[in-house]
Amino acid sequence: MAISSNDKYIHIFDKYLNLLFNGQEVSDEMKSEIDKIVILNRKMIFNDFEENDVNYRLAFYIQKYIEYRRGFLSILDFEWAIHSYNQSEYDDKAIIYLRRNMPVDNDFNYFDITLDKETEIIYLDQNILSNLYNQKYSISLEYFLMLCSDKVLFYSPNHLEEVNRFPSQEKKDDYINFISTLTKNIVMLPTVEGYFLKKEKPINSLVRVNKSIEASIALQKQYALQRENRKFLFPEYDTQEHKANINAKSFKLNLFDDLDDITFERLSQSARGVLANKTPKFPKFSKEDFKNIKSIKNRIEFIHKVKTLMIMMDLYGYKTDKKVKDGALYDPEHLCYALNSDYFITDDNRLNIRARQIINFLKVDTKVFTYNEFISYLEQQAVACISTNRVRGCATH
């Protein structure tokens, strides 16, 4: 497929913007080249072009470049404009992909299951699942399964995203079979009303995951950009002194409650997609309203609150990574499943403490453990049950 002139122009613009926004010197030759592109395509700012993603982006670049050159935008304002455009584009793409590949009835092949009210359920973070699959723990998988034999392990559609990382079909099949055996094909599926446990083979769930993979990638890229908004919206929280203060080991699990109402509102509004200096488009929530998790009527609202809290921590500079790992982009999704479980097991220190902050704030009953902590916890449960002759449901050696 031939590359259009406008594609080439965008490529040149991207190189220019990368140098400009990173404080590097831009050569006179490149400046001249950008000026020529603007002169040749200036009419595009009046929407005189064929509608497609490439032309929309070029028109936006030209418009903001002219504003910058005329002194109407600072370099930071220019960078924020491009940054915001990228977020909006990924959001639009996700919606288009989702509408184009909506699951149909034939894509579902699950069965209802019934659990006793006393049965506890366990959600494993992706790092735990991968480590178990790769046999990286000194404690055997068999011993782990024996200890939690009275509980239910389940997988989520997000666990299946990992399948596409394997280089061969043989490895993919092996990983899917591992999940199937580990969870006994029990999956937690999202619906409009909430999250429900069903029985479905991972290979069948994977069909739906693959249909929405483009939308998933777009949403993860959007989330990666959202996590960088602190630089533009809250520069006061982007200092090393601030980060060192709030990330101190002695910091208690009351991050959100310790925020004053004005700061909480600013962070939450910005996390929900509203610019800090614009009139809010969403209704305002007090901390008490926000944390009233029991008032949530559907899954979308639940996800929205969890993701908002995660992005608020990014904006506030709390437990942020210098470089965002691919797996971290799925953290909000995994956390939504975790908060609908009795136990969340993760060896990701950053996600561990973030999950505890959200759980403490929302007053959710989910317990968070590392893998080794959970093994010790299960062993203590087994000993306690045996010592008090309450052997029903206890793992036996």
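As a reminder, the structure under discussion sits directly above these lines.
Cut-offs used in this document
Residues numbered from 1 in each chain as written. Predicted model: local features only at pLDDT ≥ 70, side-chain atom pairs only at ≥ 80, totals over all residues. Heavy atoms only, no water. Helix = DSSP H or I, 4+ residues; strand = E, 2+ residues; numbered from the N terminus. Buried < 20%, exposed > 50% of the residue type's maximum accessible area, 1.4 Å probe, protein only. Contact = heavy atoms within 4.5 Å. Areas by Shrake-Rupley, 256 points an atom, 1.4 Å probe, with all protein chains shown as cover. Pairing = 2+ DSSP bridges. Salt bridge = Lys/Arg side-chain N within 4 Å of Asp/Glu carboxyl O. Phe/Tyr/Trp six-rings, centres within 6.5 Å; stacked < 30°, edge-to-face > 60°.

Draft legend 1. Structural context of the overall build of the protein chain. Secondary structure summary: the protein chain contains 18 helices and seven strands in total. Burial status across the protein chain gives 47% buried among its 397 residues. Sequence-distant contacts in the protein chain: of pairs separated by 6 or more residues, those separated by 24 or more amount to 74%. Of the roughly 22,200 Å² that the protein chain leaves accessible, carbon and sulfur atoms contribute 50%.

Draft legend 2. Broad picture of the sheet that holds strand E4 (residues 186-190). Spatial strand order, E1-E5-E4: three strands in an open sheet with antiparallel pairing. Looking along the sheet, the strands with just one partner apiece sit at the ends: strand E1 (111-112) and E4. Sheet analysis places E4 next to strand E5 (residues 195-199), joined by five bridges and oriented antiparallel. From the neighbouring strand, Met188 faces E5, where its bridge partner is Leu197.

Draft legend 3. Main features of the pattern of salt bridges. Enumeration over the complete set of coordinates arrives at 16 salt bridges. The salt bridge partner of Arg354 is Asp314, with a shortest N-O separation of 2.7 Å. Linking Arg354 in helix H17 (residues 349-362) with Asp314 in helix H15 (residues 299-316), this pair joins segments that are 40 residues apart in sequence. In this structure, Arg354 and Asp314 share a single accessibility class: buried. Put simply, Glu120, Asp150 and Lys151 are held in one network by salt bridges that share partners.

Draft legend 4. Highlighting the environment of Phe108. Looking at the element boundaries, Phe108 is found in the loop between helix H4 (75-100) and E1. Residues Phe108 and Val207, spaced 99 residues apart in sequence, show a C-alpha to C-alpha distance of 8.9 Å. Discounting residues that sit within four places of it in the chain, Phe108 has contacts with Pro103, Glu200 and Arg208.

Draft legend 5. View of the packing of aromatic side chains. Under the criterion given, the structure shown has 31 aromatic pairs. Ring centres of Tyr68 and Phe78 lie 5.2 Å apart, and the angle between their planes is 25 degrees; on these two criteria the pair is classed as stacked. Pair noted here: Tyr68 is in helix H3 (residues 53-69) and Phe78 is in helix H4, with a separation of ten residues, a long-range link. Looking at Phe78, the relative accessible area reads 1%, which means it is buried. Each ring, one from Phe369 and one from Tyr377, has its centre 4.8 Å from the other, and the planes form 35 degrees; the classification is tilted.

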